[in-house]
Amino acid sequence: MAAPEDPDIVDQIRKAASKRVRADGSGYESLGLVEAGAIAARLGRPVRHIETAALAQGIVPEKYSRNLTALSPDDQIVLARAAVAVVGVGGLGGNVTEMLARIGVGRLTLIDADRFEESNLNRQVLCTPDCLGRLKAEVASERVATVNASVTAIACALRLDDTNARSVLAGHQVVVDCLDNLPDRLVVEKACRDNGIALVSAAVAGYCGQLTVVFPGDRGLGAIYGDATGSTTGVEAHLGNLAFTVGVMAGLQCAEVINVLLHAHSPLRHRVLVMDLGDATVEVVVL
Amino acid sequence: MRVHVQIKLFASLGRLRPANADHYPIEPGTRVAGLRDALGIDPAQVKLIFVNGVRAEADQLLKEGDRIGFFPPVGGG
């Protein structure tokens, strides 16, 4: 990790930075993509180290300039140093991956054993006709590299089960449950509990979705699904999954990932947000 | 003297929605389970029921003006 006080790095960043003005008239110091890349090349360091060193000086990588002031430069550093696992990179997970890469979460582990199928095209942002048959985890990691090269994306093309989930998920601050069946969700929840990791879990069916955040020791998904799930799928097996429903729920998931990373807190802990876009119902229920 | 409650049925349960769901009459003393059964909801299918924004058990008594939501298991991603 680049030390913020490293005089060589700081000197070069200051020389390359420029003053910019936001739409509200307030100013900030900006470091462009090309300039950050040039400094990284000269010093033989990863671009993300240059960007973190700039942020420590209050200089904002221009690609993150619209994250401010909702996020502070210090928040942006926290995100850059964070590791998040996205379990399932289909409908929810594809959108989550895209958003977390753009906002600047430093390390994303993208876990999915499946390959893209034609029926994914209606809602999965990472699915295009030319990637049918390819591993979702690989396509997702390539997308992250394209969107934001400062983010380390690790493709993990496997299905989590009781033998591997704990070790695969260890080391992450947050796990995002974007799975498509109930038993796998419970496997991931248990692994998070065992690892002491917060879980941001969403599920969709048709116009409807649900979202909750589970911290280790919480009752968790049992409060929603009951303690014994007889079925492997929910009502989505009949209702299908719609692009706008997964988009909305994925956005809500990302907001909670950021809440947990920055504040170690979520307004959806011990609560579930339920949504029906058919009549614009959104309700937060105390569990 | 009947009391009236408001009912919201999510996802696949929407097909069971009565026309008067926003002002649905029940007998005083009706519990969550009684309303669920009257609506024709399979108890094995719905684990998440809430009253006025708080998760409810099947034996909870309902009162005038309560808002009751039934949410089926949803697992898609």
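Presented here is a report on the structure given in the accompanying data block. (Residues numbered from 1 in each chain as written. Chains lettered and ligands numbered in written order. Predicted model: local features only at pLDDT ≥ 70, side-chain atom pairs only at ≥ 80, totals over all residues. Heavy atoms only, no water.)

1. Some words on the packing of aromatic side chains
All names here are of chain B. Evaluated as defined, the whole model comprises 3 aromatic pairs over all chains. Here the aromatic rings of Phe-10 and Phe-71 are separated by 5.0 Å at their centres, their planes lie at 50°, and the arrangement is tilted. Of the two residues, Phe-10 sits in the loop between β1 (3-9) and β2 (24-26) while Phe-71 sits in strand β5 (residues 67-71), which places them 61 residues apart along the sequence. Of the two residues examined, Phe-10 and Phe-71, each falls in the buried class. (Phe/Tyr/Trp six-rings, centres within 6.5 Å; stacked < 30°, edge-to-face > 60°. Helix = DSSP H or I, 4+ residues; strand = E, 2+ residues; numbered from the N terminus. Buried < 20%, exposed > 50% of the residue type's maximum accessible area, 1.4 Å probe, protein only.)

2. Comments concerning the pairing of strand β5 (residues 107-111) of chain A
Residues and elements named next belong to chain A. Here β5 lies mainly inside the structure; 4 of its 5 residues are buried. Judged from the 5 bridges that link them, strand β4 (residues 83-87) and β5 form a sheet pairing that is parallel. Bridging across to β5, Ala-83 finds its partner in Arg-107. Following the backbone out of β4, through helix α5 (residues 91-103) and into the adjacent parallel β5, one traces a crossover that is right-handed. Inspection of the sheet shows β5 paired to strand β6 (residues 152-156) by 5 bridges, in the parallel sense. Each bridged residue has a counterpart across the sheet, and for Leu-108 the counterpart in β6 is Ala-153. This β-α-β element, β5 to helix α6 (residues 136-147) to β6, shows right-handed connectivity. (Pairing = 2+ DSSP bridges. Right-handed = clockwise from strand over helix to strand, strands pointing away.)

3. Digging into the nonpolar core
Of all hydrophobic cores here, the largest spans 44 residues; its most connected members are Val-84, Leu-100, Val-105 and Leu-108 of chain A. For this core, the element with the highest residue contribution is helix α11 (residues 243-263) of chain A, accounting for 9 residues. Among the nonpolar cores identified, the runner-up in size contains 34 residues, and Ala-85, Cys-156 and Ala-191 of chain A together with Ala-11 of chain B belong to it. (Core = buried A, V, L, I, M, F, W, Y, C linked by side-chain atoms within 4.5 Å.)

4. As for the state of the cysteines
Residue and element names in this part refer to chain A. Summed over the entire model, instances satisfying the criterion amount to 0 disulfides over all chains. In this structure Cys-192 is a free cysteine whose sulfur lies 12 Å from that of Cys-178, the closest cysteine sulfur available. Under the relative-accessibility criterion, Cys-192 is labelled buried at 1%. (Disulfide = S-S within 2.5 Å.)

5. A closer look at the interface of chain B and chain A
Contact with chain B, which involves 19 residues of that partner, is made by 38 residues of chain A. Taken over both partners, the interface formed by chain B and chain A buries close to 2000 Å², and the fraction arising from carbon and sulfur atoms is 62%. On the chain B side of the contact with chain A, Arg-55, Val-74 and Gly-77 of chain B bury the most area, a combined 29% of that side's loss. Viewed at the interface, chain A and chain B are joined by 3 salt bridges. Across the salt bridge formed by Glu-283 of chain A and Arg-67 of chain B, the nearest N and O atoms sit 3.3 Å from each other. Linking chain B with chain A are 18 residue pairs in polar contact (both at pLDDT 80 or more), by the criterion used here. When residues of the side of chain B that touches chain A are traced back to their parent elements, those giving at least two are β3 (48-51), β4 (54-55) and β5 of chain B. Looking at side-chain class alone, the side of chain B that touches chain A contains 9 nonpolar, 6 polar and 4 charged residues. (Contact = heavy atoms within 4.5 Å. Buried area = accessible area lost by both parts, 1.4 Å probe. Salt bridge = Lys/Arg side-chain N within 4 Å of Asp/Glu carboxyl O. Polar contact = N/O pair within 3.5 Å; in protein donor to acceptor, adjacent residues only side chain to side chain. Nonpolar A, V, L, I, M, F, W, Y, C, P; charged D, E, K, R; others polar.)

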